[in-house]
Amino acid sequence: MAHEVVAHADDPGHSIAQNGAADVATDRPLEDDVTAQKRAAACAAVAEIEDGMLVGLGTGTTANFAIVALGERVAAGLKVTSVATSLAAARAAESASLEVLPFDTLARVDLAIDGADELDPQLRAIKGRGGAMLREKIVAAAATRMIVVIDARKLVTDLGTAPLPVEVLPFAARFVSDRIEHLGASVSLRMADDTLYRTDQDNIILDCRFGPIDDPQALASALSAIPGLLGHGLFLDEVDAAYVGRSDGVARLTRGAS
Ligand code: 5RP
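Described in the following lines is the structure provided in the data block. The structure presented is a predicted model; accordingly, all values stated were derived computationally and were not measured.

## Side note on the sheet that holds strand β8 (residues 164-168)
The strand order across the open sheet formed by 4 strands is β9-β12-β8-β13, and the pairing between neighbours is antiparallel. The sheet terminates laterally at β9 (186-189) and β13 (229-232), the two strands that pair on one side only. Each strand of the sheet is rotated relative to its neighbour by a mean of 30 degrees, with strand direction disregarded. In the sheet, β8 pairs with strand β12 (residues 204-209) via 5 bridges, with the strands oriented antiparallel. From the neighbouring strand, Val 166 faces β12, where its bridge partner is Leu 206.

Here it is, written out as structure tokens:
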């Protein structure tokens, strides 16, 4: 189980919209509050970055807030280098005036900061709604530590409510889809408007709906064994800590603490 420490909204460095308006019907926070939660979680993670680190930059709206916050720290004098988990993250880093190194010349990263689509109490995650999970997993595996930054909506009891994205060699599209359906999922080919969605590696993505996943490790092994399936969005061992933006502050969750 993860250990939780709540930094309240009035703590320095952890400011977040308080008393955010909620949807009366669902009691869920409205978009502005969610955005504030993402930003606060991202800023809290960026506060852990130290001089001299090589930082893995994640992909997605929450990870983007981390890139902007890191840019501000660098402008204020912090010395870091970075690698990007996607072309979009590289562009965001460039806009934030961060130095981005090509990852293909590197084997280790000090700290990766990335978003997630779901996070369970054991800090196992589903990632890939942004389509970057293949590179994200490589950078996470290379990282001494990985911190996930999310808003509170991403916390789940069981993984599997969100679709699980898998990256597939186009040549193997039908074959892989068929194999995944036999594992119990309904599978849809990701589209971008009227054309096939393509990853940064020019592959395709299948979004797989399993429903609650009883045994994520067994599913990860079964998926990894399918030829032509290049990567999946189950991050079962990579996440060391998470910052969760909530309407009352930011919670820090740590793997293995009780
Ligand atoms: C991209 C990802 C993203 O980190 C994930 O989809 C979360 O994105 P957001 O912060 O925009 O909700 O895995 O491949």
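## Looking at helix α5 (residues 173-182)
Along α5, the residues classified as buried are Val 176, Ser 177 and Ile 180. Along the axis of α5, the buried positions cluster into a sector of 100 degrees, meaning they face one direction only. Relative to its buried face, α5 has exposed residues pointing more than 90 degrees away, namely Arg 174, Asp 178 and His 182. Check the buried side of α5 and you find it contacts β8, β9, β12 and β13. Just past α5, the residue Gly 184 takes up positive phi, approximately 110 degrees.

## Re helix α4 (residues 133-142)
Counted residue by residue, α4 has 7 buried out of 10 residues, so it is predominantly covered. Among all positions in α4, only Met 133, Leu 134, Arg 135, Glu 136, Lys 137, Val 139 and Ala 140 are buried.

## What to know about the site of the ligand
Contacts to the ligand come from 18 residues, most closely from Gly 60, Thr 61, Thr 62, Gly 115 and Gly 130. Those elements giving two or more residues to the shell around the ligand turn out to be α2 (61-75) and α4. At 3 residues, α2 tops the list of elements feeding residues into the shell around the ligand. In terms of residue class, the shell around the ligand is made up of 4 nonpolar, 9 polar and 5 charged.

## Examining the sheet that holds strand β6 (residues 125-126)
If you walk across this open sheet you meet the 3 strands as β5-β6-β14, and the pairing is antiparallel. Strands with a single pairing partner mark the edges of an open sheet, and in this sheet they are β5 (118-119) and β14 (234-235). Where β5 and β6 come together, 2 bridges link them in antiparallel fashion. Looking at the pairing, Glu 118 lines up with Ile 126 of β6.

Reading guide: rules and limits
Residues numbered from 1 in each chain as written. Predicted model: local features only at pLDDT ≥ 70, side-chain atom pairs only at ≥ 80, totals over all residues. Pairing = 2+ DSSP bridges. Helix = DSSP H or I, 4+ residues; strand = E, 2+ residues; numbered from the N terminus. Axes fitted to C-alpha atoms, helices over the stretch in contact; angles between N-to-C directions. Buried ≥ 20, exposed ≤ 12 C-beta atoms within 10 Å, placed from the backbone. Arc of directions from axis to C-beta. Contact = placed C-beta atoms within 7 Å. Near = placed C-beta within 6 Å. Nonpolar A, V, L, I, M, F, W, Y, C, P; charged D, E, K, R; others polar.

Interpretation in functional terms is not warranted from these geometric data alone.
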